[in-house]
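Descriptive analysis of the structure
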Amino acid sequence: MVRPGFILCLVCFANLLSAQENPLRERLRDENGVRSDVWVYNDIAEATRIARDSGKPLFVTFRCVPCKECAAFDAEVANGSDEVAEFAKDKFVSVRQVEMKGVDLSLFQFDHDLNWAAMFLHPDGTIYARYGTQSAAGPDAYNSVEGLLATMRRVLDLHARHPQVKQSLAGKRGTRTIDSALALPGLPNPAKYKAETTRSNCIHCHNIHDAEHFDAQAKGTLTREMLWRYPLPDNVGLSIDPTSGVRIAQIAEKSPADVAGVEPGEDILTMNGQPICSIADMQWVLHHVPADGGTLSVETSRTGKHTLELRQGWKEYDISWRGSIFSLSPRLRVWPPILAYEKRKALGIDDAHTALEVRYIGQEYPGGKAAYEAGLRLNDVIVELAGKPLTLNSEQFHAQIKLNYKVGDSVPITVLRDGKRVPLKIPLVE
């Protein structure tokens, strides 16, 4: 007689063998994509079919495997947390999506600068929620197993009430009509991406925003306002507890939320009528509020409905962490990491300021060549930008140039070289 435990072991072994032999997984060297008992691997269409048959909601995670950011959180979700695995297997039809080539971009709209993101859907395409948030504070400042599980529980509640709440969820669908990343008009070198997916030609999520930037630049329609994507609720004065995802931890004094009478300790129930399950849900709503101002409707658990008045510039924040901004012109083609504290101190730079040491000048590119010809040299220490002492890291330095200058301008910087201050004007040519 064959014992049940033996059969279970055989099944587990077969699942593991199947995961290990997945060709795409092997090409991408996806070490976390081994739980074939939990995750449908890179096949949203098949998962949707299963979800229709089972009546379960879809849980789709998007992971850029080669990217280091969010690697620890991805490992915990995909192959670590037993509680997430139990929820993902028993309550959802769960997908580990590791490339964007076959993804319907008209349906799966989220912040494509993320290195890990999730969406929750009804099999009919109704979007319940989004999860995944990054900022200049770091890739894991807002993501946690506890926060993800809290969002999953809220999604299950919405799914149980799907007929009653479906209309209120309509605003969670975007208006973009392009259904494939390969169809994006600004996608460079599409022939490369059409080939069989490897680590060298995988369409990263941020490549979607790159393509949007390239297209807008070619058409002359790119604006600064387009870069303030998916602002945090902090921009309107709401600091949210990331392990809850909806509870207000703090209210910024004199912020729109404070003026409207929102209070700390409350849960956010809806924004602009949309049920809220996570910080990413709030960002989705805020993303669609105009940058030049407007109103935001917020319903909270204790004090009820509030109208927040937003003014010009409310969306602005530190976007230096976003991978997609490095595709933007102007491109300086210089890598100046922050100078070590001891070296800054030796140069007499106080703790309130930073300095950047030039470690690379890409003279093979027009931008790097122009910087070198303007006098910039390796090991120069950049201490001023536009006459102001630096308080920026390398990413923020580049972001400031992209936000405040255009091709044809010259960037005034001051460098320290051999103990002397040397003013330079770097022309921006690409």
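Quick look at the structure, then. If you're wondering where the values come from, they're calculated on a predicted model, not measured in any experiment. (Residues numbered from 1 in each chain as written. Predicted model: local features only at pLDDT ≥ 70, side-chain atom pairs only at ≥ 80, totals over all residues. Heavy atoms only, no water.)

1. A look at the overall build of the protein
Let me state the cut-off plainly: Runs of H or I in DSSP of at least four residues are treated as helices and runs of E of at least two as strands, each being numbered from the N terminus. In this setup the radius of gyration rests on C-alpha atoms only. A globule is expected at 2.2 Å times the number of residues raised to 0.38. Only protein chains enter the calculation, and the probe is 1.4 Å; a residue is then buried if its accessible area is under 20% of its type maximum, exposed if over 50%, and partly exposed in between. Throughout, a contact is declared for two residues whenever any of their heavy atoms are within 4.5 Å. His is not counted, nor are the chain ends, whereas Lys and Arg count as positive and Asp and Glu as negative. Working definition for charges: the position is that of NZ of Lys, CZ of Arg, CG of Asp or CD of Glu.
Across its full length, the protein holds 14 helices and 18 strands. Taking 22 Å as the expected radius of gyration for a compact globule of 430 residues, we find that the protein reaches 24 Å, a close match to that expectation. Counting only C-alpha atoms, the protein reaches 85 × 55 × 45 Å along its principal axes. Split into buried and exposed, the 430 residues of the protein put 51% on the buried side. In the protein, the proportion of contacts linking residues at least 24 apart, taken out of those at least 6 apart, comes to 66%. Once the 50 positive and 54 negative side-chain charges of the protein are each reduced to a mean point, those two points are 3 Å apart.

2. Re the nonpolar core
Where we set the bar: Buried residues of nine kinds, namely Ala, Val, Leu, Ile, Met, Phe, Trp, Tyr and Cys, make up a nonpolar core once their side-chain atoms join them within 4.5 Å.
Core analysis: the largest hydrophobic core is formed by 29 residues, its most contacted members being Val60, Phe62, Met100, Phe108, Phe110 and Leu121. Elements that contribute at least two residues to this core include exactly helix H3 (44-54), strand S2 (58-63), strand S3 (93-97), strand S4 (116-121) and helix H9 (205-219). Apart from residues no more than four positions distant in its own chain, Phe108 is found in contact with Ile44, Val60, Phe62, Val103, Met119, Leu121 and Arg176. Judged by nonpolar contacts, the second largest core, of 27 residues, contains Phe87, Tyr128, Leu149 and Val165.

3. Description of the pattern of salt bridges
Convention followed: By convention in these notes, a salt bridge is any Lys or Arg side-chain nitrogen within 4 Å of a carboxyl oxygen on Asp or Glu.
In this structure the tally under the stated criterion is 24 salt bridges. Put simply, Arg35 and Asp37 hold a salt bridge, and the shortest N to O gap is 3.0 Å. For Arg35, a relative accessible area of 25% puts it in the partly exposed group. Salt bridges linked by common partners bring Asp30, Arg63, Asp74 and Arg96 together as one network.

4. Re the sheet that holds S2
To keep things clear, this is the line we draw: Should DSSP find at least two bridges between two strands, the strands are regarded as paired. For every element, the axis is a line fit to its C-alpha atoms; helices are fit only across the contacting stretch, and the angle between N-to-C directions ranges from 0 to 180 degrees.
Ordered in space as S1-S3-S2-S4-S5, the five strands form an open sheet in which the pairing is mixed. The sheet is open, and its two edges are formed by strand S1 (39-41) and strand S5 (127-131), each paired on a single side. For this sheet the average axis-to-axis angle between neighbouring strands, irrespective of direction, equals 20°. Pairing of S4 with S5, which is carried by four bridges, proceeds in the antiparallel orientation. Residue pairing across strands places Ala118 opposite Tyr131, the latter belonging to S5. Strand contacts of H3: S1, S2 and S3, with the helix running at about 175° to S3, the strand carrying the most contacts.

5. Observations regarding a nonpolar patch on the surface
Worth spelling out the cut-off: Surface patches are defined over residues having more than 30% relative accessible area and no salt bridge, joining like charges when they lie within 9 Å and nonpolar side chains (Val, Leu, Ile, Met, Phe, Trp, Tyr) when within 5 Å. Using the Shrake-Rupley algorithm and a 1.4 Å probe, accessible areas are obtained, with residue cover drawn only from the displayed protein chains.
Among the surface-exposed residues, Trp335, Tyr360 and Tyr365 lie close enough to one another that they form a single nonpolar patch of about 300 Å² accessible area. Within the secondary structure layout, Tyr365 lies in the loop between strand S14 (360-361) and helix H13 (366-373). For Tyr365, a relative accessible area of 34% translates into the label partly exposed.

6. Points about the packing of helix H5 (residues 82-90) against helix H6 (residues 145-160)
Formally: Angular relationships are summarised with four words: roughly parallel below 35 degrees, roughly antiparallel beyond 145, roughly perpendicular across 65 to 115, and oblique for the angles in between. Definitions for this section: a left-handed crossing has its near helix turned counterclockwise from the far helix by less than a right angle. A right-handed crossing has that turn clockwise. Polar here means any residue other than Ala, Val, Leu, Ile, Met, Phe, Trp, Tyr, Cys and Pro, which are nonpolar, and Asp, Glu, Lys and Arg, which are charged; Gly is therefore polar.
For the pair H5 and H6, the least separation of the axes is 10 Å and the interaxial angle reads 20°. As summarised for this structure, H5 and H6 are arranged roughly parallel, according to the angle between their axes. Relative to H6, H5 is oriented so that their crossing is left-handed. Contacts from Glu83, Val84, Phe87 and Ala88 of H5 reach H6 at Val145, Leu148, Leu149, Met152, Arg153 and Leu156. Classifying every residue of the contact of H5 with H6 gives eight nonpolar, no polar and two charged.

7. What to know about the environment of Gly132
Along the chain, Gly132 turns up in the loop between S5 and H6. Exposure remark for Gly132: the relative accessible area of 6% places this residue in the buried category. In the structure, Gly132 is positioned 16 residues away from Trp116 in sequence and 6.5 Å away in space, judged by C-alpha atoms. The residues contacting Gly132, other than those within four sequence positions of it, are Leu114, Trp116, Asn143, Ala280 and Gln283.

8. Observations regarding the pairing of S3
Most of S3 sits out of view: five of its five residues are buried. Residues Val93, Val95 and Gln97 of S3 are buried on one face, and the alternating residues Ser94 and Arg96, pointing to the opposite face, are buried as well. In this structure, S2 lies alongside S3, joined through five bridges in parallel fashion. Within S3, the position partnered with Phe59 by the bridge is Ser94.

9. Overview of unusual backbone geometry
Cis geometry marks the peptide bond from Ser329 to Pro330, where omega comes out at 0°. Considering the arrangement of structural elements, one finds Pro330 in the loop between strand S11 (304-310) and strand S12 (334-335). Even without being glycine, Cys70 reaches a positive phi, approximately 70°. Relative to the helices and strands, Cys70 is located in the loop between S2 and helix H4 (71-79). Note on Cys70: relative accessible area 2%, which makes it buried.

10. A look at the packing of aromatic side chains
Under the convention used in this document: Paired rings are identified among Phe, Tyr and Trp, the last through its six-membered ring, by centres lying within 6.5 Å, and are further divided according to the angle between planes into stacked (under 30 degrees), edge-to-face (over 60) and tilted (the rest). Distance and angle both matter: a charge sits over a ring if NZ of Lys or CZ of Arg is within 6 Å of the ring centre and within 35 degrees of the ring normal.
Under the definition given, this model contains 11 aromatic pairs. Taking the centre distance of 5.5 Å and the plane angle of 65° together, the rings of Phe62 and Phe108 count as edge-to-face. Of this pair, Phe62 sits in strand S2 while Phe108 sits in the loop between S3 and S4, and the two are 46 residues apart along the sequence. Pair check on accessibility: Phe62 and Phe108 agree, each one buried. Ring centres 4.9 Å apart and planes at 80° place the aromatic pair Phe73 and Trp116 in the edge-to-face group. With Phe73 in helix H4 and Trp116 in strand S4, this residue pair connects regions lying 43 residues apart in the sequence. Taken individually, Phe73 and Trp116 each receive the classification buried, so the pair is uniform in this respect. Three or more aromatic residues joined by ring pairs make a cluster, and in this case those are Trp39, Phe59, Phe92 and Phe120. Positioned above the aromatic ring of Tyr365 is the side chain of Arg333, whose terminal nitrogen or guanidinium carbon lies 4.0 Å from the ring centre. Positioned above the aromatic ring of Tyr372, the side-chain terminus of Arg377 is 3.7 Å from the ring centre.

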